[in-house]
Amino acid sequence: MIASLALPGGWVILGTVVSLLWVLGLYAIWRRQSGLSVSGYRAGATLPVTLALLVAFTIAVIVAVTLRERTPWAPVACGVVLGVVAAIASATWDRIWRREMAKL
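Rules used throughout
- Residues numbered from 1 in each chain as written.
- Predicted model: local features only at pLDDT ≥ 70, side-chain atom pairs only at ≥ 80, totals over all residues.
- Heavy atoms only, no water.
- Helix = DSSP H or I, 4+ residues; strand = E, 2+ residues; numbered from the N terminus.
- Buried < 20%, exposed > 50% of the residue type's maximum accessible area, 1.4 Å probe, protein only.
- Core = buried A, V, L, I, M, F, W, Y, C linked by side-chain atoms within 4.5 Å.
- Contact = heavy atoms within 4.5 Å.
- Axes fitted to C-alpha atoms, helices over the stretch in contact; angles between N-to-C directions.
- Parallel < 35°, antiparallel > 145°, perpendicular 65-115°, else oblique.
- Nonpolar A, V, L, I, M, F, W, Y, C, P; charged D, E, K, R; others polar.
- Expected span 1.5 Å × (residues − 1).
- Phe/Tyr/Trp six-rings, centres within 6.5 Å; stacked < 30°, edge-to-face > 60°.
- Polar contact = N/O pair within 3.5 Å; in protein donor to acceptor, adjacent residues only side chain to side chain.

*Asks:* Would you take a moment to explain the environment of Thr-46 for this structure?
*Replies:* Following the sequence through the fold, Thr-46 ends up in the loop between α1 (11-34) and α2 (47-67). Using a relative accessible area of 0% as the deciding quantity, one classes Thr-46 as buried. Spatially, the C-alpha atom of Thr-46 lies 5.7 Å from that of Trp-93, the residues being 47 residues apart in sequence.

Okay, structure coming up:
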């Protein structure tokens, strides 16, 4: 979604819509396969990871929007960096959640 900020004009909106539909689709598949729907904003040990990812996303958007006029590839770079951060955060979140569920 952040990388789509590098696209011209109305393509940014299309990139954002496609990205959101992609996430919703992945979530629907995961929910159907696992039978689970777990909120990242729930109280528990995973909340700091969720909030840190939210902060990272916000910073990436601000940097991408700020730099896109002077450096057209900046949104793509921000999107790639955030993708790596999100993958690490997701693995960390899963590990913490599983540890938390094992205690129950």
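More follows now that the structure is in view.
*Asks:* Would you explain the nonpolar core in this entry?
*Replies:* What tends to happen in soluble globular proteins is that the nonpolar side chains get buried as a cluster. One finds Ile-2, Leu-5, Val-12, Ala-60, Ala-64, Cys-78 and Leu-82 forming the largest nonpolar core, which totals seven residues. Broken down by secondary-structure element, the contributors of at least two residues to this core are α2 and α3 (74-102). Those residues in contact with Leu-82 that lie beyond four places of it in its chain are Ile-2, Leu-53, Ala-56, Phe-57 and Ala-60. Ranked by size, the runner-up nonpolar core spans five residues in total, among them Val-49, Ala-89, Trp-93 and Ile-96.

*Asks:* It is not clear to me how the environment of Trp-73 should be interpreted in this structure. Could you clarify?
*Replies:* Along the polypeptide, Trp-73 turns up in the loop between α2 and α3. Along the backbone, Trp-73 and Ala-6 are 67 residues apart, and their C-alpha atoms lie at a distance of 6.4 Å.

*Asks:* Help me understand the packing of α2 against α3 in this model?
*Replies:* At a closest axis distance of 9 Å, the pairing of α2 and α3 adopts a crossing angle of 180°. By the angle between their axes, α2 is roughly antiparallel relative to α3. On α3, the residues touching Val-49, Thr-50, Leu-53, Ala-56, Phe-57, Ala-60, Val-63, Ala-64 and Leu-67 of α2 are Ala-74, Pro-75, Cys-78, Leu-82, Val-85, Ala-86, Ala-89, Thr-92, Trp-93 and Ile-96. Residues belonging to the contact of α2 with α3 are distributed by class as follows: 17 nonpolar, two polar and no charged.

*Asks:* Is there a simple way to explain α3 in this structure?
*Replies:* Residues separated by three or four positions in an α-helix point in the same direction, a consequence of the helix having 3.6 residues per turn. Taking 1.5 Å of rise per residue, the 29 residues of α3 would be expected to cover 42 Å, and the 42 Å separating its terminal C-alpha atoms lies within 8% of that figure. When we look at burial in α3, the residues that qualify are Ala-74, Pro-75, Cys-78, Leu-82, Ala-89, Trp-93, Ile-96 and Trp-97. Buried residues in α3 make contact with α2.

*Asks:* Looking at this structure, I do not really get the packing of aromatic side chains. What am I missing?
*Replies:* What describes a pair of aromatic rings is the distance from one ring centre to the other and the angle between the planes of the rings. Evaluated as defined, the whole model comprises two aromatic pairs. Geometrically, the ring pair formed by Tyr-27 and Trp-30 is tilted, given 6.2 Å between the ring centres and 35° between the ring planes. Residue Tyr-27 and its partner Trp-30 are located together in helix α1, separated by three residues, close to a single helical turn. A centroid spacing of 6.0 Å and a plane angle of 20° characterise the contact between Trp-93 and Trp-97, whose relative ring orientation is stacked.

*Asks:* Is there a simple way to think about the side chain of Arg-42 in this case?
*Replies:* Take Arg-42: it is sitting in the loop between α1 and α2. Here Glu-100 takes part through its side chain, which lies 2.7 Å from a polar atom of the side chain of Arg-42.

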